[in-house]
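Descriptive structure summary
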Amino acid sequence: MISRGIDKRADCDCIVIGAGAVGAATAFELADRGLNVTVVDRAPSIGGGCSYANAALIAPGHVTPLATPALLREAPKQMLSRPPSVRIRPNRPLLTWLPALGVSAFAAESGVIRRELQELALESARLHEALAQRGLNPTLRKTGALDVFSHRPRRPPAGLLSPDQVHDMEPALARTEGAAFEPEEWTVESQSFVRAMLEGAADAGAHVQFSTTVDQLVREGDRVVGVRSGGRTILAGHVVLASGVDSAPLAAQAGIRAPLQGGRGYVIDFRLPDQPLSRPVRLKERRAVITPLADRVRVSGSLEFGTAAETIQRTEALRRVAAEALPQLLDAEVIDRWTGQRPCTPDGVPMIGPSRRATGLDLATGHGMWGLILAPVTAKIIADSVVSAPGSMPPPTWTDPDRFTRSAARPPHSLRPSAPRTLMA
Ligand SMILES: Cc1cc2nc3c(=O)[nH]c(=O)nc-3n(C[C@H](O)[C@H](O)[C@H](O)COP(=O)(O)OP(=O)(O)OC[C@H]3O[C@@H](n4cnc5c(N)ncnc54)[C@H](O)[C@@H]3O)c2cc1C
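One structure accompanies this document, and this report is about it. (Residues numbered from 1 in each chain as written. Predicted model: local features only at pLDDT ≥ 70, side-chain atom pairs only at ≥ 80, totals over all residues.)

Contacts to the ligand come from 39 residues, most closely from G20, G49, G244, G265 and G371. If you list the elements that add at least two residues to the shell around the ligand, you get α1 (21–32), β14 (261–271), β18 (333–344) and α9 (371–386). In terms of residue class, the shell around the ligand is made up of 18 nonpolar, 17 polar and 4 charged. (Near = placed C-beta within 6 Å. Helix = DSSP H or I, 4+ residues; strand = E, 2+ residues; numbered from the N terminus. Nonpolar A, V, L, I, M, F, W, Y, C, P; charged D, E, K, R; others polar.)

Another point: the sheet that holds strand β9 (residues 186–187). Spatial strand order, β4-β9-β6: 3 strands in an open sheet with antiparallel pairing. Strands at the two margins of the open sheet, each flanked by one partner only, are β4 (57–58) and β6 (141–142). Bridge count between β6 and β9: 2 bridges; the pairing is antiparallel. In the sheet register, K142 faces β9, and the bridge partner there is W186. (Pairing = 2+ DSSP bridges.)

Of all 6 residues in strand β2 (residues 12–17), 6 are buried; the element is thus mostly enclosed. With 5 bridges joining them, β2 and strand β13 (residues 232–241) adopt parallel strand pairing. Paired with C14 across the two strands is H238, which belongs to β13. In this structure, β2 lies alongside strand β3 (residues 37–40), joined through 4 bridges in parallel fashion. Bridge pairing in β3 links I15 to T38. Read as a crossover between parallel neighbours, the route from β2 over α1 to β3 is right-handed. (Buried ≥ 20, exposed ≤ 12 C-beta atoms within 10 Å, placed from the backbone. Right-handed = clockwise from strand over helix to strand, strands pointing away.)

Structure, rendered in structure tokens:
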């Protein structure tokens, strides 16, 4: 195996900035391949970012770029529904970002990218299962999922189940107008996934450091050779930037434009005496999800841009919406409420792979609605790019992390001469 540019003076082979689902999976994959890894996160413990909670779905068939023609058609209706499931408060960055997102839905290559993204999601679902077989994905369960309609759909999906069939499958649900069953889906609780990945990484020799905020990338010419945190420098052969929606300022230090916006969502968790559902239920018209987890029922939803957190109001609205489908939620004990920002790019696909702007820097961010499912395949792409071994795949061109940066057309860094040895932060 050949590691790309491992530096003998470095404190470690790789630093991963961010211990969310994406960073934790990447740290594990790199450590599992024998590299000396340090993973740092500014939060005091697991769950400092968007991976604190989510709908817990591994639903490869639903993975699309953020903006699709169907979503854009539906967005005005979602914004006007009561309560709205899509909200936008325009601010200056959104004035250019949102039109770019809209345009991406109709771009000539959007169909190809959508297919490639689904392939990636399928591959990632397989990797989730492979991790589970190694005991590294303790809450992964193959459950399938129901897409439930409260009104008769105008264009019924193939295999629409009758209201009685839905009742037989999920007797706790209120009367529906039918549902589509998706058998090839899994659930995995996000924090347990992150914990298992970090524990796996630590078992393979990685150092996991919480309460460690990276303030600066350390550069040597145009090579990134480490990070600085509170006056301390950690040198590394490679730096992986996986700090979710907050990746932009650090990327900018290396001359990379990462135009990320937070797509706010909300989660409310309930404790019920018995688990009422056997599988996740997506409320199609309401764009909310009810997910049964080991010790709770989770309701999640909303996509907001430019909004401030309104956790109590918005999670109560989610409760009302979900209780129309699952009446037991109306009086159920609430055990957690949370809001988080999905790291969204203006073309709706993640930024994954090595940068040509900055040797030694890989990006793994911008996963938007799908960071949990895509975490293992992102880790594989990054590890394949850092360590070339037989069977390594080149990173997909459409996740190129330099695509938003002007004049990024430089040769791949493995071909570039080494930089001068002046340290710059
Ligand atoms: C309501 C909701 C439902 C969702 N449902 C699903 C779903 O069903 N399936 C799915 O696949 N995805 C889902 N998602 C999306 C998914 O949760 C995210 O895409 C994913 O959590 C992003 O992971 P991440 O590791 O990129 O970022 P994060 O989890 O945000 O991790 C980034 C980490 O970087 C750290 N950090 C930031 N800056 C610094 C710094 N300077 N120094 C050190 N550390 C730093 C943060 O503390 C954080 O821990 C959902 C999201 C929401 C909000």
